[in-house]
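What the coordinates show
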Amino acid sequence: MAGLATEDAAEAQSKGALHLYAWFLLRGSFVWAVSTGILRLLPSAWVDRPAWTLLVSGAISGAGLVVATLLFLRKIEERHRLAALASFVAPQMLLDAGVTVAFVQVLPNFPPGHAPLFGAFVLWCYAVMLMTAVIATRPRD
């Protein structure tokens, strides 16, 4: 697993499916940590105004872009795409469930009333990611 820090997805794929899924799991955890850190550092004034809508829109678009980059530019075989993306999203979903429960403690810069909005927002982002995987894995005729 130590080699997962520097190898690319194609190399991980050549070592086997389990190695590839671990590669995506680690990347998903890293993406979650960075995005949660960014949200934590946002000024309170930004998340209590219409700028929140821009942030949500940008994050949703960014989520789709991240997935497309990870799946297509990394040349993952079609048969591994859905499971790789599930490995990428699973730790994020679990960790964000915890953030939603402990919203006030984890994101004190957000108004407490934004907890349901946050939960809905991350659920939407994961839906976009998973739909990308479904589209990417559908048979081509």
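Owing to the predicted nature of the structure, the values given are computational and were not obtained by experimental measurement.

This next bit is on helix α5 (residues 78-101). Taking 1.5 Å per residue, 24 residues should reach 34 Å; α5 reaches 36 Å between its end C-alpha atoms and fits that length. At valine 89, α5 shows its maximal bend, which comes to roughly 30 degrees, and the proline proline 91 appears one to four places after that position. Regarding α5, the residues found buried are His80, Arg81, Ala84, Leu85, Ser87, Phe88, Val89, Pro91, Gln92, Asp96 and Val99.

Of the volumes computed, that of the largest pocket is approximately 460 Å³. If you go around the largest pocket, you meet 21 residues; those closest to its centre are Val31, Ser35, Thr36, Ala59 and Phe121. For the lining of the largest pocket, the secondary-structure elements that each account for two or more residues are α2 (17-41), α4 (51-73), α5 and α7 (115-137). No other element matches α2, which puts eight residues into the lining of the largest pocket. Counted by class, the lining of the largest pocket contains 16 nonpolar, four polar and one charged residues.

What follows deals with the environment of proline 139. Positionally, proline 139 belongs in the segment after α7. By relative accessible area, which is 67% here, proline 139 ends up exposed. Separated by 61 residues in sequence, proline 139 and glutamate 78 have C-alpha atoms that sit 9.1 Å apart.

Quick look at α2 now. An ideal rise of 1.5 Å per residue puts 36 Å on 25 residues; α2 measures up with 36 Å between its terminal C-alpha atoms. Listed in full, the buried residues belonging to α2 are Leu20, Ala22, Trp23, Phe24, Arg27, Gly28, Trp32, Thr36 and Leu39.

The next subject is the packing of aromatic side chains. Taken as a whole and assessed by the stated rule, the structure comprises four aromatic pairs. Geometrically, the ring pair formed by phenylalanine 24 and phenylalanine 88 is edge-to-face, given 6.5 Å between the ring centres and 85 degrees between the ring planes. Of the two residues, phenylalanine 24 is situated in helix α2 and phenylalanine 88 in helix α5; the sequence distance between them amounts to 64 residues. When the ring of phenylalanine 103 is compared with that of phenylalanine 110, the centres are 5.8 Å apart and the planes differ by 75 degrees; the resulting orientation is edge-to-face. Accessibility expressed as a relative area gives 2% for phenylalanine 103, which makes it buried.

What follows covers the environment of tryptophan 23. Here tryptophan 23 lies in helix α2. Classification of tryptophan 23 as buried rests on a relative accessible area of 1%. Tryptophan 23 sits 64 residues away from serine 87 along the chain, and the two C-alpha atoms are 8.5 Å apart.

Another aspect to go through is the confidence of the model for the protein. Residues at a pLDDT of 70 or more form 78% of the protein, whose mean pLDDT is 78. Looking over the protein, one finds the lowest element-wise mean pLDDT in α4, namely 66, and the highest in helix α6 (residues 103-106), namely 92.

The rules behind these values
- Residues numbered from 1 in each chain as written.
- Predicted model: local features only at pLDDT ≥ 70, side-chain atom pairs only at ≥ 80, totals over all residues.
- Heavy atoms only, no water.
- Helix = DSSP H or I, 4+ residues; strand = E, 2+ residues; numbered from the N terminus.
- Expected span 1.5 Å × (residues − 1).
- Bend = angle between axes of the 7 residues up to and from the residue.
- Buried < 20%, exposed > 50% of the residue type's maximum accessible area, 1.4 Å probe, protein only.
- 1 Å grid on protein atoms, 1.4 Å probe; cavity = no way out; pocket = protein on both sides within 12 Å on 5 of 7 lines; lining within 4 Å.
- Points joined across faces, edges and corners; volume = space filled by probe spheres on them.
- Nonpolar A, V, L, I, M, F, W, Y, C, P; charged D, E, K, R; others polar.
- Phe/Tyr/Trp six-rings, centres within 6.5 Å; stacked < 30°, edge-to-face > 60°.
- pLDDT = per-residue confidence, 0-100.

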